[in-house]
Amino acid sequence: MKPLHKIATSATVAVTAALGFSANALAATFNPSEVEYHKLIVAGDPNGTPPDSPSNRVDPNTTTSPFAGVGSLLMDLGGGSGFLCTGAAISSTHILTAGHCLDEDDNGTADFLPNNVRFNLNFGSDLSHTITASALNIHPDYTGFANPTINDDMAIITLSEALPDGVPIYNLFRNPVSEGETFTMVGYGTTGNGIEGFTGGASLNVKRVGYNNADLFDVDDEGSGVNEVFYYDFDGPDPSTNLIAGLTLGNDIEGSVGPGDSGGPSFVMKNGSMFLAGVNTFTFTVSDEQIPGTFGTGGGGILVSSYTDWIDGIVKPKSVPEPSSVLGTLMLGALGTGSWLKRKQKKGA
């Protein structure tokens, strides 16, 4: 395997021996005073047919956009620096994102206090709403990015206040994803094109959209046998760039992700409705000669359907009866049992 520079918070690590490639986490090192705020999802060939560019992929910051519930995340390290990721609303107070966005040193635990994590909405205008977190939950099986696997890289951010009315809340896709399923990927990360790779910085207020197909899956590293990780390749107009399966969706359609897109959603469309099916977490190359973000590289993330029980446990916790109600139930149960026993004894006498 050929290790690559990991674009995030820790050292380079190899990922999947069977496939022989290395992955790069997608949390962008972020300095608000230095970042150029106008870039994102990697687009197609600027000289292709039809020609493409990052500007063609911009989703407007309107209240009517179906992606208005996808916001940028800033994890503040202090001193004007931090990390930028992407997240999507799965309730009025919960944001789904990647675990490594909260884990600077890749040891599997959050390295930020909740009040240093901010969710930025662009709902009708640039940076219309900024809401701090009140709680951070990383999936309990996550042990750090590719430490030793890329599985379980998922987190939920609980917001300190509810999102404004009208912000889209995304339903989870609870069924297995099929090979060849088309994902709609949304994020605030680094942009570029398939010829040059990453060419621009991440953004707090400009999101872009790209599409790709789920080509390959990895199973649960805890042994359940269910698929947890998805992979796709970034195909160019020339079939020689095909890496895993299928051909390009089109030069102005197919895309990949970049640093800062971590935690962003991959949506699927079913019966006219949009569902959140994946969390984007990594890119990969297969040779030392490849430039990250160019045609012939790839990316992937975590399948939501494998984690719905954990997500529901945080977003929709089961109510617990008040202590007085529990006591009353126990007393009624005891009385009922005693009465039943009494009747039984009388009948048998």
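Residues numbered from 1 in each chain as written. Predicted model: local features only at pLDDT ≥ 70, side-chain atom pairs only at ≥ 80, totals over all residues. Heavy atoms only, no water.

### A word on the confidence of the model for the protein chain
Link 1 in the chain: Overall, the predicted model of the protein chain reaches an average pLDDT of 80, with 77% of residues at or above 70.
Link 2 in the chain: Low pLDDT, under 50, characterises residues 1-20; the stretch is placed with 59 contacts to residues that sit more than four places away or in other chains.
Link 3 in the chain: In this model, residues 325-349 is a region of pLDDT below 50 whose contacts with residues beyond four sequence positions or in other chains number one contact. (pLDDT = per-residue confidence, 0-100. Contact = heavy atoms within 4.5 Å.)

### Describing the state of the cysteines
Link 1 in the chain: Scanning the entire structure with this criterion turns up one disulfide.
Link 2 in the chain: Note on cysteine connectivity: cysteine 85 is disulfide-linked to cysteine 101, with sulfurs 2.1 Å apart. Its torsion about the S-S bond being -95 degrees, the disulfide of cysteine 85 and cysteine 101 is classed as left-handed. With cysteine 85 in strand S7 (residues 81-91) and cysteine 101 in the loop between strand S8 (94-97) and strand S9 (117-121), the pair connects residues that are 16 residues apart, well separated along the chain.
Link 3 in the chain: Judged by its relative accessible area of 2%, cysteine 101 is buried. (Disulfide = S-S within 2.5 Å. Helix = DSSP H or I, 4+ residues; strand = E, 2+ residues; numbered from the N terminus. Buried < 20%, exposed > 50% of the residue type's maximum accessible area, 1.4 Å probe, protein only.)

### A short note on the packing of aromatic side chains
Link 1 in the chain: Tallied over the full model, the rule gives seven aromatic pairs.
Link 2 in the chain: Ring geometry for tyrosine 170 versus phenylalanine 267: centroids 4.8 Å apart, planes at 55 degrees, classification tilted. On the criterion of sequence distance, the pair formed by tyrosine 170 in the loop between strand S11 (155-159) and strand S12 (171-172) and phenylalanine 267 in strand S19 (residues 265-270) is long-range, its members being 97 residues apart. With respect to class, tyrosine 170 is no different from phenylalanine 267; both count as buried.
Link 3 in the chain: Judged by centre distance (5.5 Å) and plane angle (65 degrees), the ring pair of tyrosine 231 and phenylalanine 282 falls under edge-to-face. Here tyrosine 231 is found in strand S18 (residues 227-233), whereas its partner phenylalanine 282 is found in strand S20 (residues 273-285), with 51 residues between them in sequence.
Link 4 in the chain: Classification of tyrosine 231 as buried rests on a relative accessible area of 0%.
Link 5 in the chain: Among the aromatic residues, those joined into a ring-pair cluster are Phe67, Tyr170 and Phe267. (Phe/Tyr/Trp six-rings, centres within 6.5 Å; stacked < 30°, edge-to-face > 60°.)

### Re the pairing of strand S16 (residues 207-213)
Link 1 in the chain: Among the seven residues of S16, six are classified as buried, and the element is accordingly described as predominantly covered.
Link 2 in the chain: Where strand S5 (residues 58-59) lies against S16, two bridges are found, and the strand directions are antiparallel. In the sheet register, valine 58 faces S16, and the bridge partner there is arginine 208.
Link 3 in the chain: Summarising the sheet, strand S13 (residues 182-187) and S16 pair through six bridges and their orientation is antiparallel. Counterpart to glycine 187 in the pairing with S16 is arginine 208. (Pairing = 2+ DSSP bridges.)

### Describing the side chain of asparagine 212
Link 1 in the chain: Residue position: asparagine 212 is located in strand S16.
Link 2 in the chain: Here asparagine 212 falls in the buried class, since its relative accessible area comes to 2%.
Link 3 in the chain: Among the polar contacts listed, one links the side chain of asparagine 212 to the side chain of glutamate 254, at a separation of 3.3 Å.
Link 4 in the chain: Those residues within four positions of asparagine 212 in sequence are excluded, and the remaining contacts are Glu181, Thr182, Phe183, Met185, Tyr232, Asp233, Phe234, Leu249, Glu254 and Gly255. (Polar contact = N/O pair within 3.5 Å; in protein donor to acceptor, adjacent residues only side chain to side chain.)

### Observations regarding unusual backbone geometry
Link 1 in the chain: Of note, the bond from asparagine 147 into proline 148 is cis; its omega dihedral lies within 30 degrees of zero at 5 degrees.
Link 2 in the chain: With respect to the element layout, proline 148 can be found in the loop between strand S10 (129-138) and S11.
Link 3 in the chain: Within the chain, aspartate 106 stands out as a residue other than glycine whose phi angle is a positive 60 degrees.
Link 4 in the chain: Even without being a glycine, alanine 146 presents a positive backbone phi close to 50 degrees.
Link 5 in the chain: Mapped onto the elements of the fold, alanine 146 is located in the loop between S10 and S11.

### Here's the deal with the side chain of asparagine 205
Link 1 in the chain: Relative to the elements of secondary structure, asparagine 205 occurs in the loop between strand S15 (197-198) and S16.
Link 2 in the chain: Within the structure, asparagine 205 has its side chain in polar contact with the side chain of aspartate 126 (distance 3.1 Å).

### Brief notes about the nonpolar core
Link 1 in the chain: Among the nonpolar cores identified, the biggest contains 60 residues, and Met75, Leu96, Met154, Ile157 and Ile311 are the most heavily contacted of them.
Link 2 in the chain: For this core, the element with the most residues is S7, which contributes six residues.
Link 3 in the chain: If you look at the next biggest cluster of nonpolar residues, it comprises 13 residues, including Leu26, Phe173, Met185 and Ala214. (Core = buried A, V, L, I, M, F, W, Y, C linked by side-chain atoms within 4.5 Å.)

### A word on the environment of glycine 300
Link 1 in the chain: As for its position among the elements, glycine 300 is in strand S21 (residues 298-303).
Link 2 in the chain: For glycine 300, a relative accessible area of 0% corresponds to the buried category.
Link 3 in the chain: Sequence spacing of glycine 300 and aspartate 233 is 67 residues, and the spatial spacing of their C-alpha atoms is 8.5 Å.
Link 4 in the chain: In this structure, glycine 300 is in contact with Phe230, Tyr231, Tyr232, Asn280, Thr281 and Phe282, ignoring residues within four places of it in sequence.

### Points about helix H1 (residues 308-315)
Link 1 in the chain: Turning to H1, its buried residues are Thr308, Trp310, Ile311, Asp312 and Val315.
Link 2 in the chain: Those residues of H1 that are buried lie in contact with S7, S8, S10, S11 and S12.

### Topic: the pattern of salt bridges
Link 1 in the chain: Tallied over the entire structure, the rule returns four salt bridges.
Link 2 in the chain: In this structure, aspartate 76 and arginine 118 form a salt bridge, with 3.7 Å as the shortest nitrogen-oxygen distance. With aspartate 76 in strand S6 (residues 70-78) and arginine 118 in strand S9, this pair connects stretches of sequence that are 42 residues apart.
Link 3 in the chain: Given a relative accessible area of 22%, aspartate 76 falls into the partly exposed group.
Link 4 in the chain: Aspartate 312 is the salt-bridge partner of arginine 174, the closest N and O atoms lying 3.0 Å from each other. Of this pair, arginine 174 sits in the loop between S12 and S13 while aspartate 312 is found in helix H1, placing the two residues 138 residues apart along the sequence.
Link 5 in the chain: The class of arginine 174 is partly exposed, set by a relative accessible area of 40%. (Salt bridge = Lys/Arg side-chain N within 4 Å of Asp/Glu carboxyl O.)

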